[in-house]
Amino acid sequence: MKLYIGNQNYSTWSLRAWVIFEQNQLPFEVVKLKLFTPEFYQTLESVNPTKKVPTLVDDDISIWDSLAILEYINDEYLSGSAWPTNKKDKALARALSSEMHSGFMALRNEMPMNCRAKRFVDLSEQAQNDIARIDAIWSQQQEEYPEQWLFGDWSIADAMFAPVALRFETYGIELSKRAKAYQNKVLQSNAIRVWLKQAAMESDIVEEDEAGVER
């Protein structure tokens, strides 16, 4: 399998797809492309009609969109174990993953992922509402599964929210006690430590993702 990703310092969607491989120790090849460069679009043109990352190529199958990749890997290589086995939890995990996939636009726009940075941003009311909603999700699940992943065992829902934990770290976002405990679990996980180590080795600057001022 070959996974095409963007700069690890900035590419949230790449992280979501990448982390299921690292978390489950699945063999795969990474092709890392510099975002918004001619090489980026030229390379992806032959494997993905949208010319976006992440893209997974598995033999003659090409898949783009992070959630689609996560679902494919879960079905084909993990025997469905990346969703909770409990029917109620599985339904909620899918709903939360879809909410993250399509929502929180103010947070995304105002707090771009920037793993190497420590920044302050003056957030809009909409972004603050997004943060409050995520805090509530994490807190609720930590109440149900203390000091564990969102649904006990690691799941696709954790992959979908992983970049948010990094964003909150970059911008110094204060969280409730339970939400902070979940964020710490994400940041201290082996897979995310590997991602951060690799991101720290990059030197490229994507100006549009350099939000805020140093703190």
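Provided above is the structure to which this section pertains.
Calculation rules
Residues numbered from 1 in each chain as written. Predicted model: local features only at pLDDT ≥ 70, side-chain atom pairs only at ≥ 80, totals over all residues. Heavy atoms only, no water. Salt bridge = Lys/Arg side-chain N within 4 Å of Asp/Glu carboxyl O. Helix = DSSP H or I, 4+ residues; strand = E, 2+ residues; numbered from the N terminus. Buried < 20%, exposed > 50% of the residue type's maximum accessible area, 1.4 Å probe, protein only. Phe/Tyr/Trp six-rings, centres within 6.5 Å; stacked < 30°, edge-to-face > 60°. Lys NZ or Arg CZ within 6 Å of the ring centre and 35° of its normal.

**Student:** Account for the pattern of salt bridges, with residues named and values stated.
**Tutor:** A complete count under the given rule lists seven salt bridges for this structure. The partner of Lys 118 in a salt bridge is Glu 169, with the nearest N and O atoms 3.0 Å apart. A residue pair is termed long-range when its members are at least 10 positions apart, and Lys 118 in the loop between α5 (105–110) and β5 (119–120) and Glu 169 in helix α7 (residues 156–170) qualify at 51 residues. Using a relative accessible area of 35% as the deciding quantity, one classes Lys 118 as partly exposed. Three or more residues are tied together by salt bridges with common partners; here these are Arg 119, Glu 210 and Glu 214.

**Student:** Tell me about unusual backbone geometry, residues and numbers included.
**Tutor:** Following Val 53, the chain continues into Pro 54 via a peptide bond in cis, with omega recorded as 0°. Of note, Pro 54 is situated in the loop between α2 (38–45) and β3 (55–58). Of note, the phi angle at Gln 25 is positive, near 55°, even though the residue is not glycine. Looking at the element boundaries, Gln 25 is found in the loop between α1 (12–23) and β2 (29–32). Among the residues examined, Gln 25 registers a relative accessible area of 62% and is labelled exposed. Notably, Asp 65 is not glycine yet its phi reads approximately 85°, a positive angle. Residue placement: Asp 65 occurs in the loop between β4 (61–64) and α3 (66–77).

**Student:** Go over the packing of aromatic side chains, please, and point to the residues and values.
**Tutor:** Inspection of every chain in the model, using the stated rule, returns eight aromatic pairs. With a centroid separation of 4.4 Å and an interplanar angle of 25°, the aromatic rings of Phe 21 and Phe 28 are classed as stacked. A residue is classified by how much of its surface remains accessible, and Phe 21, at 1% relative accessible area, is buried. Phe 28 gets classed as partly exposed once you look at its relative accessible area, which sits at 22%. Ring geometry for Tyr 72 against Tyr 77: centres 6.4 Å apart, planes inclined by 65°, an arrangement best described as edge-to-face. Look at Tyr 77 and you get partly exposed, because its relative accessible area is 37%. The aromatic ring of Trp 13 is capped on one face by Arg 16, whose charged end is 4.2 Å from the ring centroid. Cation over ring: Lys 185 sits above Trp 149, and NZ or CZ is 4.9 Å from the ring centre.

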